[in-house]
Amino acid sequence: MSGIDSPSVEQVRRLRHRQAVDRLDELRHLRQLSATMTQTALAKALAISQPSINSALKRAATVPDVPAGFSGASPYEIAERYAAGLIDRDQLIDELGRFPYARTPTTDGYDWLTDEVPNTTGDIGDALDDGLIDEDTYVAIQHRISEHRQSASS
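Residues numbered from 1 in each chain as written. Predicted model: local features only at pLDDT ≥ 70, side-chain atom pairs only at ≥ 80, totals over all residues. Heavy atoms only, no water.

A. Region of interest: the pattern of salt bridges. The final tally for this structure, using the stated rule, is 11 salt bridges. A salt bridge links D65 to R31; its shortest N-O distance comes to 2.3 Å. Residue D65 is found in the loop between α3 (50-60) and α4 (75-83), and its partner R31 is found in helix α1 (residues 9-34); the two are separated by 34 residues along the sequence. The partly exposed category is assigned to R31, whose relative accessible area is 22%. As a salt-bridge pair, E147 and R144 come within 3.7 Å of each other at their nearest N and O atoms. Placement of the pair is E147 and R144 together in helix α7 (residues 135-153), with a separation of 3 residues, close to one helical turn. (Salt bridge = Lys/Arg side-chain N within 4 Å of Asp/Glu carboxyl O. Helix = DSSP H or I, 4+ residues; strand = E, 2+ residues; numbered from the N terminus. Buried < 20%, exposed > 50% of the residue type's maximum accessible area, 1.4 Å probe, protein only.)

B. Fine view of a negative patch on the surface. A contiguous patch of negative charge on the surface is contributed by E116, D126, D129 and D130. Tracing the sequence through the fold places D130 in the loop between α6 (122-129) and α7. For D130, a relative accessible area of 47% puts it in the partly exposed group. (Patch = residues over 30% accessible without salt bridge, like charges linked within 9 Å, V, L, I, M, F, W, Y side chains within 5 Å. Areas by Shrake-Rupley, 256 points an atom, 1.4 Å probe, with all protein chains shown as cover. Lys, Arg positive; Asp, Glu negative; His and termini not counted. Charge placed at Lys NZ, Arg CZ, Asp CG, Glu CD.)

C. View of the packing of aromatic side chains. A complete count under the given rule lists 2 aromatic pairs for this structure. Ring geometry for F70 versus F99: centroids 5.3 Å apart, planes at 70°, classification edge-to-face. Taken together, the positions of F70 in the loop between α3 and α4 and F99 in the loop between α5 (89-98) and α6 put the pair 29 residues apart, joining distant regions of the chain. Each member of the pair, F70 as well as F99, is classed as buried. An angle of 55° between the planes, with centres 5.3 Å apart, marks the rings of F99 and Y101 as tilted. There is no split in this pair, since F99 and Y101 are both buried. (Phe/Tyr/Trp six-rings, centres within 6.5 Å; stacked < 30°, edge-to-face > 60°.)

Set out below in structure tokens:
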């Protein structure tokens, strides 16, 4: 690795998360381009095969759009953008503090199983567990969510 500084674990972690969110952005942009270009034209412009474009568009159809005013489509994606170094801590706390969370499902009292629902506050716990955020940031986000909910109910 002559000419390159020795990599740190943090640099590699950041690059891994950057790769994940870059892929989401690529698929979203590809989906938008497909509304104005044929698959053949896209393939030619991107120097890849038309079947590859078709495959990517199928994956892109499953990628949710990013709500206005947010950097990601889910709390986890926003945390991943933070871990990738694409947004700062203040933006992370702001966005996750006001994210339109889905209600966390509860059991019917007879069965402990519930349907898995995307975009709940549980995603923040997942981000903590996966090392995308630290415990202090987790607490700050939870505090901001409480503040946001209190002001919304007033």
